[in-house]
Amino acid sequence: MLQTDGVLDGRGEPDSEPGPSRVLDMYRTMVLIRHFEEGVRSLYAAGLVPGLVHLCSGQEAANVGVIAALKRSDFIASHHRGHGHCIAKGTPLPLLMAEILGRAAGISQGRGGTLHMFDPAVGNLGTNGIVGGGIPLATGAALTAKRLRTGQIAVAFFGDGALNQGLLHECMNMAAIWKLPVVFVCENNGYGEYTAIDTVTAGGSLTARGEVFDIPSHMVDGMDVLAVHAAAVAAVSRARAGEGPSFLICNTYRFSGHHAADKQEYKNKEEVKLWAGKDPILRLAGHLREQGIGQEDLDRMESEAAADVAAAVEFGKRSAEPEPALLRSRVYA
Amino acid sequence: MLQTDGVLDGRGEPDSEPGPSRVLDMYRTMVLIRHFEEGVRSLYAAGLVPGLVHLCSGQEAANVGVIAALKRSDFIASHHRGHGHCIAKGTPLPLLMAEILGRAAGISQGRGGTLHMFDPAVGNLGTNGIVGGGIPLATGAALTAKRLRTGQIAVAFFGDGALNQGLLHECMNMAAIWKLPVVFVCENNGYGEYTAIDTVTAGGSLTARGEVFDIPSHMVDGMDVLAVHAAAVAAVSRARAGEGPSFLICNTYRFSGHHAADKQEYKNKEEVKLWAGKDPILRLAGHLREQGIGQEDLDRMESEAAADVAAAVEFGKRSAEPEPALLRSRVYA
Amino acid sequence: MPEEREITYRAAIIEALREEMRADPRVIVLGEDVGAAGGVFKQTEGLFAEFGTERVIDTPISESGAFGIAVGAAMTGLRPVFEVMFCDFLTLVMDQLVNQAAKVHYMSNGLLSVPLVLRTTMGTGANLGPQHSQSLYAWTAHVPGLKVVVPSTAYDAKGLYRSALRDDNPVLIFEDRLLYNTKSPIPEEPFAVPFGRCDVKRAGSDITIVAVGRMVHAALAAATRLAEHGLDTEVVDPRSLVPLDVEGLVRSVRKTNRVLVVDGGHRQYGAAAEIAATLSEEAFDWLDAPVTRLAAEDVPIPLSRSLEPLVQPNEMRIAEQAQILMGR
Amino acid sequence: MPEEREITYRAAIIEALREEMRADPRVIVLGEDVGAAGGVFKQTEGLFAEFGTERVIDTPISESGAFGIAVGAAMTGLRPVFEVMFCDFLTLVMDQLVNQAAKVHYMSNGLLSVPLVLRTTMGTGANLGPQHSQSLYAWTAHVPGLKVVVPSTAYDAKGLYRSALRDDNPVLIFEDRLLYNTKSPIPEEPFAVPFGRCDVKRAGSDITIVAVGRMVHAALAAATRLAEHGLDTEVVDPRSLVPLDVEGLVRSVRKTNRVLVVDGGHRQYGAAAEIAATLSEEAFDWLDAPVTRLAAEDVPIPLSRSLEPLVQPNEMRIAEQAQILMGR
Ligand SMILES: Cc1ncc(C[n+]2csc(CCOP(=O)(O)OP(=O)(O)O)c2C)c(N)n1
Ligand SMILES: Cc1ncc(C[n+]2csc(CCOP(=O)(O)OP(=O)(O)O)c2C)c(N)n1
Ligand SMILES: [Mg+2]
Ligand SMILES: [Mg+2]
């Protein structure tokens, strides 16, 4: 997870040029997410993951670039491809891994699994099984923040598939008229399940879908964490200043299939290759090396991440199945 | 109802400059609608109308300007303020009036009343009690027309209130990607119930709400039937040609309240006066006089309309209440 | 006995809201025309004047999104009261209600909760036609995680609202529009009516009528009529459908050995079925006749003045049915 | 007996769709990934190749709008088969389903009808968690104007689909995902299974188990187990919940005098309640024990491998419950 705390970065000021410690922190977190997803993938292959699981490998820059602009107390609502958000926002890896395995030591004691991981301690209103389902939750969190003057802001993450849910338009409209401190972040990976975005999505401009509500809307290279971060910092500071919502589209790519068992035969090989070349982690590594960070530092982060994930996997595998009594508890508060 | 049949107008060609017979026809129909609504209002005042009723006085140019661009076989889906659409599309007045009174001789034998008047014989898929509810019905009718290559097109009428229903955005998106022959017509009268549109509707441009899907979108003076008609003819011919959907916003005004018993205290007096001065019927009458139509002709149309409405009122009042046996019939086809 | 003031069902609800809004700044009200207009049935009148736009919020006509926002607000520290103008429009908020609000507490293993009141209106009687007359509580009662309340009197409404506003779960309150102007004596002091406790609205020994919402009044009228025929009718109002006071209902049946369940919702797969099935099972050995249901006709609800009154049970039909049941 | 081919539930449905699409150009299929992808459960495989984009239409993730469009198409001459990937997402189409599709025929006094099939999937068993495991047919069965079908075998699925595709009303078909790979013998020739006729899946004389959907198989397994204890169980499958074959069910109860209703939906205010209430009333004089319900637990459906199997009834719990019932 990220260790620096969002826009403050020790200076109390939003800043689109993150200092070196934050950049390294973002790198570390992206690497952690990638390793985590590989850990999940191998658990899935071993038959240990109940149900289906949607991996976010390839989308780490969008996950981390945005969340690095937040404070720990800020809210996010995530979606079905949400491990990266949960990790970046700060939930301990073992709790996530155990949850994905449906075990008693999971953050929700195995009730929800990958699609339902909540952690209010770090402002996470949950991954979500309903396409678009988290959007109003984040918008509502922004309403709370505004009403109770807590200074928090909220981010709604969603995929390109959710662009066609009317719910998004409704929430954008209300966020705009009520000037809510919310940032709508579309992680556009070009597909919704097995369907390419352009076959189901009208209009030449996706940013127009926010502009129509007079919401400042930007499209950024979602494989470039620095670009994502700069845009997110601007949007967050706008929200924090009480100026209302923003819309960010991060163009990115799903390195895995829709879910871990998807063979992706519908994808064009050229396209896959092209995007593999844009790997956000390799790209940031290159940048860091240019900035004089040594390869051994990068390697160290890599092996730390691998170790953290291995520990989380171990923790998850060792965790017991939930007790039957859990079934009927916590239906009501 | 309109007597000329839409774009054909005897020449088989769309034409945004309607010939004199069609302009007169539109005038006659607008006057008919106004009288009809006055008839309904007095029946309501007399306690004869079950439930609530939403009158469309003031919006006749938007109703008629669009429907005069359609063929009888084309589809419309209307909304809760829909008497004008039903009349213009061609359902006989007595059937409508009896329905509004909930009587056995009504077009739905009193099952539905004002909010549920259907007439497939003239392509009317119904007024509707759900704000936005008719939009997908018209869009679906356009799908049928396209799939079965019938050459029909469809119009979805809705109020400004429906602009904020996500359903509209979803349907516009699908109409655009599938190039459906549908025209989305917003009758923007500035209010949804007791709430002014700008307090609930974000964005400086309402046409942008169509443009975002690359749908040609136009705002017209909804008190000028000729302007509405010209825009509608263009949109209809585009649809007919297989070029896809259009979006039309007709700025108009609700001369009555939200429903017949609404005292409209929330409205500003200046505003009411301003719009009263834009009465679409007076405006067209002025134009017709300029074109050399004699006042006696206009007067004649007026008294014919009054007589038609009086006959419809009489018919409705005389019609029996539906038999109890009706209750359980036609639940299933 | 000191004279008690009588206020309407509508006023009782507004009073409960006002008291709670004064006591707890986290309580906000959202809905269409709930603000300056005071609600299309005047059911929020006065709140806007006292609490302003910050706490009494007019939403656009965007039920799905607006309700979803209320759910998000409830998850993060507010206690929203969200109004769905007609319960017919619950159709538009089902996803946020069922897949989010009802399940968040469970899915999050109790880390989050959704303290939210969804109030809505229902019923026939005003000739509003098929899309504005339904009574759809059975749907929501089928969903674990939701509580469902149907107040039949001003007194119950006030007390149940207080419970709802202090509950940490999503609570649905179904208000029959025809009840808004009905009055009952109501203490000046705030009070709560707990969920899951049925109320014997009329004690009797020959037959139990379990009635929901406005049907309670029809049942009471029927009971008076039946008394003329020497029949001593007990009328029991569950008040909340979830939780349901099974024990309380069974107690009545053990006494009378006959039950008629009267429900203003549709009969097929409706709320009366749950009550009837439960009593048939739980009170099997005490039943002298089958538990019988009288519910709304299984038809879309027509507008016409001659047809609409045939849809929901009324005094006459209840009395008739009770007599048939006594004859078995 | 000539050997009959066996095909899967999935294949049977695709076959029914294919036959009807060949016979009637008005039949189209819409849904998410129903086209080239062949359905996320391969439940439309092959249709796209044969009928192309014109008739097998991939929609955006816009359930409300897309289903509403299907309703409009049905009103004007097409016969759409619309797929809602998980019945948990019915929440998103409720308005178009309940306020439009179900009521158009009635409201228009029969001038219009809505010949439409809404197919959807349900059930636990794949650890998909609270938002992807529900069985929500009870909601739709509460709505007059809709028909509701729950096929339990490949044979029934094929025959019920044919009836649905030729019906002029909105018909909902709930498919348990765990049934897709189950097989039954199916004639080569097209055939229809009519709605409103229950099917005795196993004849018996001691107790009736009324079971819905996949629960039929659990009930049959339980019946085999019970036979070892000398109990002769009859298993009856209603096949359609609306219309419900009350007469057929009562016939069985008259014979056995004991009924257990097994339902994979939630128990509270669920489909089993309607069946139990109806049988308790209609077969009162033949019942030796209370009609008992065994349904899904009233909890959101947890993902975990140890918890999820506790939610819906299974062979063991059915057998146990039947024995308890025999002991009364
Ligand atoms: C309301 C709803 N409809 C459909 C689904 C099934 N579904 C799950 S993920 C998905 C695709 C989502 O695409 P996108 O939003 O682009 O996210 P991505 O998977 O590409 O990250 C679909 C259709 C769902 N979960 N919820
Ligand atoms: C889904 C839904 N929400 C709310 C209502 C209640 N309602 C009826 S008309 C109306 C206002 C509609 O405003 P608009 O679309 O501008 O049409 P107008 O009345 O101005 O013609 C509302 C909120 C409804 N009928 N349906
Ligand atoms: Mg995507
Ligand atoms: Mg308006």
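Residues numbered from 1 in each chain as written. Chains lettered and ligands numbered in written order. Predicted model: local features only at pLDDT ≥ 70, side-chain atom pairs only at ≥ 80, totals over all residues. Heavy atoms only, no water.

Trainee: Just give me the short version of the site of ligand 2, but keep the residues and values in it.
Mentor: With respect to spatial proximity, 22 residues lie near ligand 2, and among them His80(B), Arg81(B), Gly129(B), Tyr191(B) and Glu63(C) are the closest. Mapping the residues adjacent to ligand 2 onto the chains of the assembly identifies chains B and C. Residue Gly161(B) places a main-chain N or O atom 2.8 Å away from an oxygen atom belonging to ligand 2. Measuring from an oxygen atom of ligand 2, one finds a backbone N or O atom of Tyr191(B) at 2.7 Å. (Near = heavy atom within 4 Å. Polar contact = N/O pair within 3.5 Å; in protein donor to acceptor, adjacent residues only side chain to side chain.)

Trainee: How would you explain the interface of chain D and chain C if you had to name every residue and give the values?
Mentor: If you look at the interface, chain D gives 54 residues, while chain C gives 53 residues. Overall, the association of chain D and chain C removes approximately 4,800 Å² of surface from exposure, summing both partners, and the carbon and sulfur fraction of that is 60%. When residues of chain D are sorted by the area they lose upon contact with chain C, His142(D), Tyr269(D) and Glu281(D) head the list and together hold 19% of the total. Scanning the region where chain D abuts chain C turns up six salt bridges. The salt bridge involving Glu274(D) is made with Arg293(C); its shortest N-O contact spans 2.8 Å. Put simply, chain D and chain C have 28 residue pairs in polar contact (both at pLDDT 80 or more) between them. Among the elements that take part in the side of chain D that touches chain C, helix α4 (residues 94-107) of chain D stands out by supplying nine residues, more than any other. Per-class residue counts for the side of chain D that touches chain C are 29 nonpolar, 14 polar and eleven charged. (Contact = heavy atoms within 4.5 Å. Buried area = accessible area lost by both parts, 1.4 Å probe. Salt bridge = Lys/Arg side-chain N within 4 Å of Asp/Glu carboxyl O. Helix = DSSP H or I, 4+ residues; strand = E, 2+ residues; numbered from the N terminus. Nonpolar A, V, L, I, M, F, W, Y, C, P; charged D, E, K, R; others polar.)

Trainee: Could you give an account of the sheet that holds strand β4 (residues 79-84) of chain D, with specific residues and numbers?
Mentor: Pairing between the strands of a sheet is mediated by backbone hydrogen bonds and can be parallel or antiparallel. All names here are of chain D. Read across the sheet, seven strands follow the order β3-β2-β4-β5-β7-β6-β12 without closing on themselves; strand pairing throughout is mixed. At either end of the open sheet lies a strand with only one pairing partner, and these are β3 (56-58) and β12 (240-242). Averaged over all pairs of adjacent strands, the angle between their axes in this sheet comes to 20 degrees, without regard to strand direction. Summarising the sheet, strand β5 (residues 116-122) and strand β7 (residues 170-176) pair through seven bridges and their orientation is parallel. Bridging across to β7, Arg-119 finds its partner in Ile-173. (Pairing = 2+ DSSP bridges. Axes fitted to C-alpha atoms, helices over the stretch in contact; angles between N-to-C directions.)

Trainee: Go over the side chain of Thr127(A), please, and point to the residues and values.
Mentor: All names here are of chain A. Position of Thr-127 relative to the elements: it lies in the loop between α4 (93-100) and α5 (134-148). With relative accessibility at 0%, the residue Thr-127 sits in the buried group. Within the structure, the side chain of Thr-127 is placed 2.9 Å from the backbone oxygen of Thr-114, a separation counted as a polar contact. A polar contact of 3.0 Å, which involves the side chain of Thr-127, links it to the backbone oxygen of Leu-115. (Buried < 20%, exposed > 50% of the residue type's maximum accessible area, 1.4 Å probe, protein only.)

Trainee: Which residues make up the coordination of the magnesium ion (ligand 3), and what values do they have?
Mentor: Residues and elements named next belong to chain A. Note on the magnesium ion (ligand 3): its protein donors are Asp-160 (OD), Asn-189 (OD1) and Tyr-191 (O). The metal-donor distances range over 2.0 to 2.1 Å. Donor residues for the magnesium ion (ligand 3), ordered by position in the chain, follow D-x28-N-x1-Y. Here Asp-160 is found in the loop between β2 (154-159) and α6 (166-177), whereas its partner Asn-189 is found in the loop between β3 (182-188) and β4 (191-192), with 29 residues between them in sequence. With respect to class, Asp-160 is no different from Asn-189; both count as buried. (Donors = N, O, S within 2.8 Å, 3.2 Å for Na, K, Ca; no water.)

Trainee: Which residues make up the coordination of the magnesium ion (ligand 4), and what are the values?
Mentor: For the magnesium ion (ligand 4), the full set of protein donor atoms is Asp160(B) (OD), Asn189(B) (OD1) and Tyr191(B) (O), at a range of 2.0 to 2.1 Å. Sequence positions of the donors to the magnesium ion (ligand 4) reduce to the motif D-x28-N-x1-Y.

Trainee: Please set out the site of ligand 1 residue by residue, giving values where relevant.
Mentor: By nearness alone, 22 residues border ligand 1, and His80(A), Arg81(A), Gly161(A), Tyr191(A) and Glu63(D) come closest of all. The environment of ligand 1 is shared, with nearby residues belonging to chains A and D. Protein burial of ligand 1: of its 580 Å² of free accessible surface, 97% is covered by the chains. When grouped by side-chain class, the residues that make up the shell around ligand 1 number eight nonpolar, nine polar and five charged. (Areas by Shrake-Rupley, 256 points an atom, 1.4 Å probe, with all protein chains shown as cover.)

Trainee: Explain the sheet that holds strand β4 (residues 79-84) of chain C to me, and be specific about the residues and the numbers.
Mentor: Residue and element names in this part refer to chain C. Strands sit in the order β3-β2-β4-β5-β7-β6-β12 across an open sheet of seven strands; the sheet is mixed. The open sheet terminates on both sides in strands that have one partner only, identified here as β3 (56-58) and β12 (240-242). Adjacent strand axes in the sheet meet at a mean angle of 20 degrees, parallel and antiparallel pairs treated alike. Alignment of strand β2 (residues 27-31) against β4, held across four bridges, turns out to be parallel. By the bridge assignment, Leu-30 is partnered in β4 with Phe-82.

Trainee: Lay out empty space enclosed by the protein in plain terms, naming residues and giving numbers.
Mentor: Summed over all chains, the structure comprises twelve cavities of 30 Å³ or more. The volume enclosed by the largest cavity comes to roughly 300 Å³. Along the wall of the largest cavity there are 24 residues; nearest its centre are Glu170(B), Ser64(C), Leu92(C), Ser64(D) and Leu92(D). Per-class residue counts for the lining of the largest cavity are nine nonpolar, eleven polar and four charged. (1 Å grid on protein atoms, 1.4 Å probe; cavity = no way out; pocket = protein on both sides within 12 Å on 5 of 7 lines; lining within 4 Å. Points joined across faces, edges and corners; volume = space filled by probe spheres on them.)

Trainee: Got a sec to walk through the relation of the copies chain D and chain C? Specific residues and values, please.
Mentor: Rotating chain D by 180 degrees and translating it 0.0 Å along the rotation axis places it on chain C, where the RMSD comes to 0.0 Å. What the rotation and shift describe, once combined, is the action of a two-fold rotation axis. When C-alpha positions in chain D are compared against the rotation axis, the closest is assigned to Ala277(D), at 2.2 Å. (Least-squares fit on C-alpha atoms with pLDDT ≥ 70 in both.)

Trainee: Could you give me a rundown of helix α1 (residues 9-23) of chain D, with the residues and numbers involved?
Mentor: Helix length check: α1(D), at 15 residues, gives a terminal C-alpha distance of 21 Å against a target of 21 Å (1.5 Å per residue), a fit within 8%. Residues Tyr9(D), Arg10(D), Ala12(D), Ile13(D), Ile14(D), Glu15(D), Ala16(D), Leu17(D), Glu20(D) and Met21(D) constitute the buried set of α1(D). (Expected span 1.5 Å × (residues − 1).)

Trainee: Break down the nonpolar core for me, with residues and values.
Mentor: Of all hydrophobic cores here, the largest spans 276 residues; its most connected members are Phe158(A), Phe184(A), Phe158(B) and Phe184(B). Those residues within four positions of Phe158(B) in sequence are excluded, and the remaining contacts are His79(B), Ile135(B), Leu163(B), Leu168(B), Phe184(B), Val185(B), Cys186(B), Glu187(B) and Phe247(B). (Core = buried A, V, L, I, M, F, W, Y, C linked by side-chain atoms within 4.5 Å.)

Trainee: If you had to explain the pairing of β4(C) to someone new, which residues and values would you point to?
Mentor: All names here are of chain C. Of all the six residues making up β4, six are buried; the element is thus mostly covered by neighbouring parts of the structure. Side chains Arg-79, Val-81 and Glu-83 of β4 all project onto a buried face; the interleaved residues Pro-80, Phe-82 and Val-84 project onto the opposite face, where all are buried too. Two strands pair when backbone bridges link them, and β4 and strand β5 (residues 116-122) are joined in this way by four bridges, in the parallel orientation. The partner of Val-81 across the bridge, within β5, is Val-117. Note that the unit made of β4, helix α4 (residues 94-107) and β5 has a crossover that is right-handed. (Right-handed = clockwise from strand over helix to strand, strands pointing away.)

Trainee: How would you explain the interface of chain B and chain D if you had to name every residue and give the values?
Mentor: Residue-level contacts link 36 residues of chain B with 43 residues of chain D. Counting the contacts that link chain B with chain D gives two salt bridges. Between Arg147(B) and Glu54(D) there is a salt bridge, with the nearest N and O atoms lying 3.3 Å from each other. Applying the counting criterion to the chain B and chain D interface returns 16 residue pairs in polar contact (both at pLDDT 80 or more). Contributions of two or more residues to the side of chain B that touches chain D are made by α5 (134-148) and α6 (166-177) of chain B. Ranked by residues supplied to the side of chain B that touches chain D, first place goes to α5(B) with nine residues. Residue composition of the side of chain B that touches chain D, by class: 21 nonpolar, ten polar and five charged.

Trainee: So, the packing of aromatic side chains: which residues are in play, and what are the values?
Mentor: Following the criterion strictly, the structure yields 23 aromatic pairs over all chains and no others. Considering the side-chain rings of Phe158(B) and Phe247(B), the 6.3 Å spacing of their centres and the 20 degrees angle between planes classify their relative orientation as stacked. With Phe158(B) in strand β2 (residues 154-159) and Phe247(B) in strand β7 (residues 246-251), the pair connects residues that are 89 residues apart, well separated along the chain. The residues Phe158(B) and Phe247(B) share a single accessibility class, namely buried. Ring centres 6.3 Å apart and planes at 25 degrees place the aromatic pair Phe41(D) and Tyr180(D) in the stacked group. Of this pair, Phe41(D) sits in the loop between β2 (27-31) and α2 (47-55) while Tyr180(D) sits in the loop between β7 and β8 (183-185); the two residues are 139 residues apart in sequence, bridging distant segments of the chain. An identical accessibility class is assigned to Phe41(D) and Tyr180(D); each is buried. The ring of Trp275(A) carries Lys278(A) above its face, with NZ or CZ at 4.3 Å from the centroid. In this structure, Arg111(B) packs its charged tip against the face of Tyr106(D), placed 4.4 Å from the ring centre. (Phe/Tyr/Trp six-rings, centres within 6.5 Å; stacked < 30°, edge-to-face > 60°. Lys NZ or Arg CZ within 6 Å of the ring centre and 35° of its normal.)

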